[in-house]
There are 2 protein chains.
Amino acid sequence: MSQKINRSTLKLSSSPSLISYAAVAGKKESEGPLASYFDILYQDNGIGQETWEKAESMMQKDVSAKALDKGNLSAGDIDFVFAGDLLNQCVGTHYGLRELGIPFLGLYGACSTMAESLCLASIFTDNGLAEKAMAMTSSHFCASERQFRFPLEYGGQRTPTAQWTVTGAGCTIVGHSGTPPYVKGVSIGKITDFGITDINNMGAAMAPAAADTLKTFLNATGTAPTDYDLILTGDLGKVGSELLCELLEKENIEIRSVHNDCGLLIYDLKSQDVHAGGSGCGCGASVLCGYVLDKIKQGVYHDVLFMATGALMSPLTVQQGETIPGIAHLVHLSDTPW
Amino acid sequence: MSQKINRSTLKLSSSPSLISYAAVAGKKESEGPLASYFDILYQDNGIGQETWEKAESMMQKDVSAKALDKGNLSAGDIDFVFAGDLLNQCVGTHYGLRELGIPFLGLYGACSTMAESLCLASIFTDNGLAEKAMAMTSSHFCASERQFRFPLEYGGQRTPTAQWTVTGAGCTIVGHSGTPPYVKGVSIGKITDFGITDINNMGAAMAPAAADTLKTFLNATGTAPTDYDLILTGDLGKVGSELLCELLEKENIEIRSVHNDCGLLIYDLKSQDVHAGGSGCGCGASVLCGYVLDKIKQGVYHDVLFMATGALMSPLTVQQGETIPGIAHLVHLSDTPW
């Protein structure tokens, strides 16, 4: 059963574990430094589908099938699936999941979805509401560019602060296996708005939310950044990561020595022309499920705070002059249970 | 603490209660049979805002403020808010809620969002994860027409099976007041796809999901439709409601005597030119929070199954030839606790 530590932070007393997980990624990701960690690498981002949106659905289908398979599970073993994505009306998820027949709770957390879904799946499992629950999300570069910016065919120029939406997906299944990685706690974020209006600088819009959630969690648990091997944000990229460190420094919280960002890990920023780094739901999802969880399982990392951030805007609201609110949810992962 | 009855159905043993709730609605709804039940009626659907999307955000702002006010509560009393809407990237919710500072879990359940959010808020409260949790959603006719069909200025023709998106919102706060309405159980739906491709016949796309969820709940609880005063769907409208009754009849489940639909209640179908009835997240939300909850509180209804359905498509997927998957979540409301 979960113990409430403060308003938004829960200690998951039964230490649910990630009994299986999988990650898939696209062509550009297969040329990056984490390539060898993904379960499936697509050499063609079309993934044999007619449209980018169908390709994204196919990734969710593939990654959930892979996670089930690696855990020797079938869809019937999963009580609930928590999932969502960036596409309008989250259609990547709906079409990707429709054949599984798992009771489904649809989420929209923008790029925070991997953390949001993992928080909820872990809470459900910790409280006996689910024996096993699935958490999943995805993003696709070409579908995202078309929807949020311009169709690729336009050949639009990218600003230096722009990030590159990861083509990838991650899926984890939470249960109680008695083996790491364990989920020891979660903290749910609040919507935070610092007045950023630049759609090409999402990192800056999301960094304040990450700072707020991390502070809330550290206060609640009475821990310091150095109590963790890694504080991993989802897709702040170069600009947002620097801003997060600066915002926290002002409050005497120093995270530079333990902070990293999935958007900085997944590509080689020097050679891959991704400007400020990777972004998208699939960025945090694929790096967490492909790279980080195994490192916790192996004991390379002992305690990791995974914090995925989301920019809660739409192209329409930005055109209407609105600022970009952000949110960040946090999951405390560990190689030892409570 | 919740008791799992079957894979997707939970008995909420502590009988959480809806300690406050509010509903707001627009001009057309103010001319319908339920007008007197809404807390706020907007005579101008622009609600003093520059755009329809901002007007929808304003409704969420108003309805949450009203629900807090009616319950003598402030935003600081709420541990978590579960909310979403129909707009791309759920921006009605994000901009409507950003000033409240409540830990936020964003949902996308299309028109099932009122049931999905109420399920999660009730589960959290039942298990001590929240002392008080908020569930909310909205829809706006003009914003929806522009996004899903055509901008109003085009003057497009409507087919007889088309429904009219309700301009309205509903918000409930779940806690433990020891007074009705109580939430006694919930059942989470599965994605169901019967191959419907007609974007103007959403009721038909969603009815199979409603049939599936209702059957699952009745089986799990060993109850019959006549054990309830009202089985209330969210926005199946005339076509979808008839189809739901027929689908269940084939399995010897007779619900006609106790079934009604929020989309049939909110408008006078004969005089209001809404074709097959009301639709949208705000349809189920405003009718539940404006009309039905008070009737349970007063003991007019003893046991109500509220089941909101969602069509999990986007205009893009329909244009790409995809069928329309549906989902339905169910909440058992009662005037007496367990």
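What counts and how
Counting from 1, residues in each chain are numbered in the order their sequence is written. For this description, chains carry letters from A and ligands carry numbers from 1, given in the order in which they are written. With pLDDT at 70 or above as the cut-off, local features in this predicted model cover only qualifying residues; side-chain atom pairs require 80 or more to be listed or tallied, and sums for whole chains, interfaces and linings still use all residues. Computation of side-chain values covers all heavy atoms of the structure but excludes hydrogens and water. The secondary structure listing takes helices from DSSP runs of H or I that are at least 4 residues long and strands from runs of E that are at least 2 residues long, numbered from the N terminus. Only C-alpha atoms enter the radius of gyration, while the globule expectation follows 2.2 Å times N to the 0.38, with N the number of residues. Only protein chains enter the accessibility calculation, which uses a 1.4 Å probe. A residue is then buried if its area is under 20% of the maximum for its type, exposed if over 50%, and partly exposed in between. In this analysis, two residues are considered to be in contact whenever any of their non-hydrogen atoms come within 4.5 Å of each other. Surface accessibility in these figures is a Shrake-Rupley result with a 1.4 Å probe; residues are shielded only by whichever protein chains are displayed. Charge convention: Lys and Arg are scored as positive, Asp and Glu as negative, and His as well as the terminal groups of each chain are ignored. The location of each charge is read from NZ of Lys, CZ of Arg, CG of Asp or CD of Glu. Accessible surface is computed with a 1.4 Å probe, and the buried area is the amount of it that two parts give up when combined, taken over both parts together. Basic side-chain nitrogens of Lys or Arg form a salt bridge, by our definition, when they fall within 4 Å of a carboxyl oxygen of Asp or Glu. Each residue receives one of three labels: charged for Asp, Glu, Lys and Arg, nonpolar for Ala, Val, Leu, Ile, Met, Phe, Trp, Tyr, Cys and Pro, and polar for the others, Gly being one of them. Lines are fitted to the C-alpha atoms to define the axes, a helix being fitted only along its stretch in contact, and any angle between axes, read from their N-to-C directions, falls within 0 to 180 degrees. Each angle gets one of four labels, with under 35 degrees taken as roughly parallel, over 145 as roughly antiparallel, 65 to 115 as roughly perpendicular, and the rest as oblique. The fit set for superposing copies consists of C-alpha atoms from residues with pLDDT of at least 70 in both; the fit itself is least squares. Nine residue types can take part in a nonpolar core, namely buried Ala, Val, Leu, Ile, Met, Phe, Trp, Tyr and Cys, and a core is a set of them joined through side-chain atoms within 4.5 Å. Note on pairing: two strands pair once DSSP finds at least 2 bridges between them. Here a polar contact is recorded for every N or O atom pair within 3.5 Å, except that within protein the pair must consist of a potential hydrogen donor and a potential acceptor, and residues adjacent in sequence are included only if both atoms are side-chain atoms. Expected helix span is taken as 1.5 Å per residue step, with the number of steps being one fewer than the number of residues. Segmentation into domains, and thus their bounds, comes from an automatic or database assignment.

Counting secondary structure elements, chain A contains 10 helices and 15 strands. On C-alpha atoms alone, chain A measures out to a radius of gyration of 18 Å, which is about the 20 Å that the 2.2 N^0.38 rule sets for 338 residues. By principal-axis analysis of the C-alpha atoms, chain A measures approximately 50 × 50 × 35 Å. Within the span of chain A, comprising 338 residues, buried residues form 68% of the whole. Sequence separation of at least 24 residues holds for 76% of the intrachain contacts in chain A that already meet a minimum separation of 6. Element-wise, carbon and sulfur atoms account for 49% of the exposed surface of chain A, whose accessible area totals about 10400 Å². One finds the centroid of the 23 positive side-chain charges in chain A at a distance of 1 Å from the centroid of its 36 negative side-chain charges.

Before going further, it helps to examine the interface of chain B and chain A. Opposite the 61 residues of chain B that make contact, chain A presents 61 residues. Summed over both partners, the interface of chain B with chain A buries about 5100 Å², with 61% contributed by carbon and sulfur atoms. Joining chain B to chain A, the criterion identifies six salt bridges. Residues A:Asp79 and B:Lys4 are paired through a salt bridge, measuring 3.5 Å at the closest nitrogen-oxygen approach. Within the residue set of the side of chain B that touches chain A, elements represented by two or more residues are strand 1 (2–6), helix 2 (52–70), helix 3 (91–97), strand 6 (104–106), helix 4 (113–126), helix 5 (141–148), helix 10 (315–319) and strand 15 (326–334) of chain B. Grouping the constituent residues of the side of chain B that touches chain A by class yields 32 nonpolar, 18 polar and 11 charged.

To continue, consider the environment of A:Tyr108. Residues and elements named next belong to chain A. Structurally, Tyr108 is set in the loop between strand 6 (104–106) and helix 4 (113–126). In this structure Tyr108 comes out as buried when scored by relative accessible area, which is 2%. Sequence separation between Tyr108 and Leu312 is 204 residues, and the spatial gap between their C-alpha atoms is 9.1 Å.

To continue, consider the packing of helix 4 of chain A against helix 9 (residues 281–297) of chain A. All names here are of chain A. Look at helix 4 against helix 9: their axes get within 8 Å of each other, and the N-to-C directions meet at 60 degrees. Our classification of the angle between helix 4 and helix 9 gives oblique. In this structure, helix 4 uses Thr113, Met114 and Leu118 to contact helix 9, whose residues at the interface are Cys281, Ala285, Leu288 and Cys289. Residues of the contact of helix 4 with helix 9, tallied by class, amount to six nonpolar, one polar and no charged.

Mapping chain B onto chain A leaves a residual RMSD of 0.0 Å; the transformation is a rotation of 180 degrees accompanied by 0.0 Å of translation along its axis. What the superposition gives is, in effect, a two-fold axis relating one chain to the other. Proximity to the rotation axis, assessed at the C-alpha, singles out B:Leu107 in chain B; its C-alpha lies 2.0 Å from the axis. Here 100% of the interface residues in chain B have copies in chain A that are interface residues too; the copies meet face to matching face.

The next subject is unusual backbone geometry. With an omega of 0 degrees, the peptide bond running from A:Pro180 to A:Pro181 counts as cis. Tracing the backbone shows A:Pro181 in the loop between strand 9 (168–175) and strand 10 (182–187).

Attention now goes to the side chain of A:Thr113. All names here are of chain A. Note on placement: Thr113 falls in helix 4. Residue classification places Thr113 among the buried positions, given a relative accessible area of 0%. For Thr113, the contacting residues outside a window of four places in its chain are Gly84, Met136, Thr137 and Cys281.

Glancing now at the nonpolar core. Grouped together as the largest cluster of nonpolar side chains are 129 residues, with contacts concentrated most on A:Leu214, A:Met313, B:Met134 and B:Leu214. Other than its neighbours up to four places away in sequence, A:Leu214 contacts A:Ile231, A:Leu248, A:Ile255, A:Leu305, A:Met307 and A:Leu330. Counting 108 residues, the second-largest nonpolar core is a separate cluster that includes A:Ala121, A:Ala130, A:Tyr291 and B:Trp164.

Let's shift gears to the pairing of strand 15 (residues 326–334) of chain A. Residues and elements named next belong to chain A. Of all nine residues that make up strand 15, nine are buried, and the element is covered over most of its length. Bridge count for strand 10 against strand 15 is five bridges, and the pairing is antiparallel. Across the sheet, the residue bridging to Tyr182 is Ser334, located in strand 15. In the sheet, strand 14 (residues 303–311) pairs with strand 15 via nine bridges, with the strands oriented antiparallel. If you follow Leu305 over to strand 15, its bridge partner there is His332.

Residues and elements named next belong to chain A. Mapping Ser30 onto the fold places it in helix 1 (residues 27–30). The exposure class of Ser30 is buried, given its relative accessible area of 17%. Reaching out from Ser30, the side chain makes a polar contact with the side chain of Gln43 at a distance of 3.4 Å. Among residues more than four places away in sequence, those in contact with Ser30 are Ala35, Leu41 and Gln43.

Another point: helix 2 of chain B. Since the α-helix advances by 3.6 residues per turn, residues separated by three or four positions end up pointing in the same direction. Residue and element names in this part refer to chain B. With 19 residues, helix 2 extends 27 Å between its outermost C-alpha atoms, agreeing within 8% with the 27 Å of an ideal straight helix rising 1.5 Å per residue. Within helix 2, the full set of buried residues consists of Glu53, Lys54, Ala55, Glu56, Ser57, Met59, Gln60, Val63, Ser64, Ala67 and Leu68. Looking one or two places after helix 2, you find Asn72, whose phi comes out positive at around 55 degrees.

This paragraph deals with the domain arrangement of chain A. All names here are of chain A. Splitting chain A by domain gives domain 1 (17–175) and domain 2 (182–334). A C-alpha centroid distance of 18 Å is found between domain 1 and domain 2. Each partner contributes to the interface: domain 1 provides 49 residues, whereas domain 2 provides 54 residues. Summing the contributions of domain 1 and of domain 2, the shared interface buries around 4000 Å²; its carbon and sulfur component is 67%. Across the contact surface, domain 1 and domain 2 share zero salt bridges. The tally of links from domain 1 across to domain 2 stands at 15 residue pairs in polar contact (both at pLDDT 80 or more). Every element with two or more residues in the side of domain 1 that touches domain 2 is listed here: strand 3 (17–25), helix 1, helix 4, strand 7 (133–139), helix 5 (141–148), strand 8 (164–165) and strand 9.

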